[in-house]
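A closer look at the structure
These are the residues of each chain, in order.
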Amino acid sequence: MGRNWLGGHPAVFIVEAGLSMNYIAELNGFYVRLLTQPLSSDAQTFWGVLMHLCNRAGWPERFTVASSTLLGLLGYSYSALSRARTELAEAVAVEEARIRQLAVTGLA
């Protein structure tokens, strides 16, 4: 998850994915991380939709997704979407901090 999937205005989600993505490796890595860093089913589904949209867009470095698009795909209320977004953003921040720490200690 070492990407900033969740920046921007609450009505528009800005996704930063990077140039070189391996969809299957990302998917497998996500499920491996869930074994030690669980997420709610809403956050997991939200992540899956973001991956799908990024894949459909051709893995641009950055793209925006309207909340209305996400609400339509997920069937969530706005408050459920907001909770899933916050949970996923916090999980990404923890993962990025862990990766930085490993790099500093030379274990990455």
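Once a new chain begins, its residue numbering starts again from 1 and follows that chain's sequence as written. Restriction of local features to residues with pLDDT of at least 70 applies here, the model being predicted, together with a cutoff of 80 or more for giving and counting side-chain atom pairs; totals for whole chains, interfaces and linings are based on all residues. The basis for the side-chain values is all heavy atoms of the structure; hydrogens and waters are excluded.

Observations concerning the packing of aromatic side chains
Two measures describe an aromatic ring pair: the distance that separates the ring centres and the angle between the ring planes. Aromatic rings from Phe, Tyr and Trp, with only the six-membered ring used for Trp, were paired whenever their centres fell within 6.5 Å, and each pair was classed as stacked if the ring planes differed by under 30 degrees, edge-to-face if by over 60, and tilted otherwise. Under the defined criterion, the tally for this structure stands at 3 aromatic pairs. Note on Phe30 and Tyr31: the rings are 5.3 Å apart at their centroids and 85° apart in plane angle, and the pair reads as edge-to-face. Each ring, one from Phe30 and one from Trp47, has its centre 3.7 Å from the other, and the planes form 0°; the classification is stacked. With a gap of 17 residues between them, Phe30 in helix α1 (residues 23-36) and Trp47 in helix α2 (residues 41-56) connect regions that are remote in the sequence. A relative accessible area of 1% places Phe30 in the buried class. Members of the aromatic cluster, each reached through a chain of ring pairs, are Phe30, Tyr31 and Trp47. Only DSSP runs of H or I covering at least 4 residues are called helices, and only runs of E covering at least 2 are called strands; the numbering of each starts at the N terminus. Burial classes: relative accessible area under 20% of the type maximum marks a residue as buried, over 50% as exposed, and values in between as partly exposed (1.4 Å probe, protein chains only).

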